[in-house]
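Below, each chain spelled out in residue letters.
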Amino acid sequence: MESSFAWQNYHRFQTWRDDPYTLRHADVIRILNDLQAVDSVTMQVTEVGRSFEQRAISLVTIGGGPKKLLLWSQMHGDEPTHTVVLLDLLKFLQSEPFDPRARTILENCTLAMIPMLNPDGAEQLTRRNSQQIDINRDARDLQTPEGRILRQVVNEFKPDFGFNLHNQNRRTAVNSAGDLAAVSLLVPPLDVSDTQTPQTRDAARVAATFLQSISPYCPQNFSRYDADYMARAFGEWVQTSGTRTVLVEAGGWKPPTGATREQLHFTGMFATIHAIATGEYASADPAEYDRLPRSHEHSAVELMIRDTWLLRTFSGAAYQADIGINMSNDLRPLDHDARGTIVDWGDLSVQGGIREINAADFAATSLICVPGMIRFVENWNDDPDAARSQSSHLLSQGVTTALIPIDLDNAEACQHWQDSSHRQQPIHLACIGVGRPLRLPPSSLATRRLLQMVSAGMLAVHDTEVHPEIEAYLNALEIPILNRHELFGCEIGDSEEPPVSVVDNLKRHERLRMRLKLHRHGLLGLGQSADICLLQCDPAPQVENLAWSALRCAIVDGVIAWSNGQLLDDARGTIIRRAEAAGCR
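From a predicted model like this one, the values you see are computed outputs, not experimental measurements.

Undergrad: Describe the overall build of the protein, and please don't skip the residues or the numbers.
TA: The helix and strand inventory of the protein stands at 17 helices and 24 strands. Seen along its three principal axes, the alpha-carbon backbone of the protein occupies a region of about 85 × 60 × 40 Å. In the protein, buried positions account for 58% of the 585 residues. Once local pairs closer than 6 in sequence are excluded, the contacts in the protein between residues at least 24 apart make up 76%.

Written out as structure tokens, the structure is:
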């Protein structure tokens, strides 16, 4: 079977072994040049135009057969999976020309590929091109040079088969259980009525062939892409031009250990192209495509907390709801740049979660969700091991954001904070300025140091007495001056333990949060940073009796950081700076 060969030998044909999201236009050009050098007669690379920012757009042709196939990828710059797949297919055809499978394809097909239609968007990892136009919605107006290039290639090449290759939201589900899509396919409709013709039935056979080829490696995570007729979309335009066209979307399904998403799609494309070359695709049942469920109406969420009580403010009553949390990155697999946000709550039974937690996971009868606390930590130790231990202690008390004092008289400490933008901790850290420069008349050195820390994102300053001229200066910069009373109950020290009452903590924490303008942190609300704590409670909780000793789980930026007394390894804490505090995330 061709699919078995492709799956088992994929590693031999990989051209890009790093994260596909790191692939750039210069890399594509280099790889194409290297592949062409293997045999410049079989494979030809032609510059067919330039992007809006004048990057070369390459058309690769290979093979000399009568069946014409056009494949184009990355018309959305942040969708690179199939760019890698096309380069890998080219490597197979160039490096194994005497393999019977390669010979069958090369003798029966002429392949034309545009591996990266939107190089400007790829450079910035953005969907749109440099004009901020979605190229895939420009089939009629042709305001983008990239869209004009694609249309010209279609008109001149006149393909028999077309493959429109994309990535979709990695949370797209195929059912209400939240099973993630590996592949979503669409035969772009000819009109609003989705009129069926021999051409569209043939395209459905191509789609069914793709499904058959990958089903041994991913048996059920398939869907029909959830889109209706769009006259301005290129898939529809290419279909109406007479080309049997299939849209292929790579989803967020996680392959088995040792495999990759690119491997799955390479297998599908390889086997489908081979079936077109032999004509075997024509025996596929188009009803297999017709039976595909549409991508589920509700995408899965990254983290689902099931049937918990919510205590949003110290004065409000608790109520029950599911809570959905997503990371900010919709396409790329999770990395430390993805930030967690509460996106929905209420009855979310129609949605699944990529990860789900509930009271049973903590051997509890019920859970109540409260905002993660913000606390001033006078003696923060920046040593990695000490900071990790201190973070665990803070999380066990419901603290998800620590306010750290930085001595404005200490140049090394100030510089260290400036250089800490990539420092990763289990909790969020924010800077509060302290020290002698606040109490003295302004000098050029003190003023420079103050501005240095303001530019580094310092949230506030704290001292028992601030010089009037410094105070005026800080007021002009809108930097709050916090006194001891405002920090009371929000610190950890030898002399005072934090209040036992969760509600009491919430009252004090809310005042501090507002004073610091931390609009995205320390608040349980839609669109807020997912910094929350889950406490064990009775089925009908009495909120005034809540104590931190009942804490079972602390979630920082959408990731479980502390659970059942244990600090977990996936640190998600960030450095909170003024711009983020004001909501400019």
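Further notes follow.
Undergrad: Which residues make up the packing of helix H13 (residues 444-455) against helix H14 (residues 468-476), and what are the values?
TA: Orientation of H13 relative to H14, taken along the N-to-C sense of each, is 30°, at an axis distance of 12 Å. The orientation of H13 with respect to H14, classified from their angle, is roughly parallel. Seen from above, H13 lies across H14 with right-handed handedness. Across the interface between the two elements, Thr447, Leu450 and Leu451 from H13 touch Ile470, Tyr473 and Leu474 from H14. Tallied by class, the residues present in the contact of H13 with H14 amount to five nonpolar, one polar and no charged.

Undergrad: So, the sheet that holds strand S6 (residues 183-186): which residues are in play, and what are the values?
TA: Strand pairing in a sheet takes place through backbone hydrogen bonds and is either antiparallel or parallel in direction. The strand order S1-S2-S4-S3-S5-S8-S6-S7 describes an open sheet built from eight strands, whose pairing is mixed. Both outer strands of the open sheet, strand S1 (43-50) and strand S7 (222-224), are each paired with one neighbouring strand and no more. Averaged over all adjacent pairs, the angle separating strand axes in this sheet is 20°, with direction ignored. With six bridges connecting them, strand S3 (residues 67-73) and strand S4 (residues 109-114) associate as parallel partners. In the strand pairing of S4, Lys68 is matched with Thr110. On the sheet, helix H2 (residues 25-38) packs against S1 and strand S2 (56-62) and is oriented at approximately 150° with respect to S1. Across the sheet, helix H7 (residues 198-214) touches strand S5 (161-167), S6, S7 and strand S8 (244-250), and the angle it forms with S8 is around 35°.

Undergrad: Could you give an account of the nonpolar core, naming the residues involved and the relevant values?
TA: Counting 67 residues, the largest nonpolar core has Phe163 and Leu185 as its most contacted members. Formed by 49 residues, the second largest nonpolar core is a distinct cluster that contains Ile368, Ala456, Cys533 and Val556.

Undergrad: Outline the pairing of S4, supporting the account with residue identities and numerical values.
TA: Buried residues dominate S4, accounting for six of its six residues. Burial along S4 is two-sided: the face carrying Cys109, Leu111 and Met113 and the face carrying Thr110, Ala112 and Ile114 are both buried. The pairing of S2 with S4 spans three bridges and is antiparallel. If you follow Ile62 over to S4, its bridge partner there is Leu111.

Undergrad: Go over the environment of Pro539, please, and point to the residues and values.
TA: Looking at where Pro539 falls in the secondary structure, it is placed in the loop between strand S20 (532-536) and strand S21 (551-556). Given the relative accessible area of 55%, Pro539 is considered exposed. Once the C-alpha coordinates of Pro539 and Thr365 are considered, the two residues, 174 residues apart in sequence, prove to be 6.6 Å apart.

Undergrad: Could you give an account of the packing of H2 against helix H3 (residues 81-95), naming the residues involved and the relevant values?
TA: In contact at an axis separation of 9 Å, H2 and H3 are set at 15° when each is read in the N-to-C sense. Between H2 and H3, the interaxial angle falls into the category roughly parallel. For the pair H2 and H3, the crossing hand works out as left-handed. Listed contacts from H3 to Val28, Ile31, Leu32, Leu35, Gln36 and Val38 of H2 are Thr83, Leu87, Leu90, Lys91 and Gln94. When the residues that make up the contact of H2 with H3 are grouped by side-chain class, the tally is seven nonpolar, three polar and one charged.

Procedures and definitions
- Residues numbered from 1 in each chain as written.
- Predicted model: local features only at pLDDT ≥ 70, side-chain atom pairs only at ≥ 80, totals over all residues.
- Heavy atoms only, no water.
- Helix = DSSP H or I, 4+ residues; strand = E, 2+ residues; numbered from the N terminus.
- Buried < 20%, exposed > 50% of the residue type's maximum accessible area, 1.4 Å probe, protein only.
- Contact = heavy atoms within 4.5 Å.
- Axes fitted to C-alpha atoms, helices over the stretch in contact; angles between N-to-C directions.
- Parallel < 35°, antiparallel > 145°, perpendicular 65-115°, else oblique.
- Left-handed = near helix turned anticlockwise from the far one by under 90°.
- Nonpolar A, V, L, I, M, F, W, Y, C, P; charged D, E, K, R; others polar.
- Pairing = 2+ DSSP bridges.
- Core = buried A, V, L, I, M, F, W, Y, C linked by side-chain atoms within 4.5 Å.

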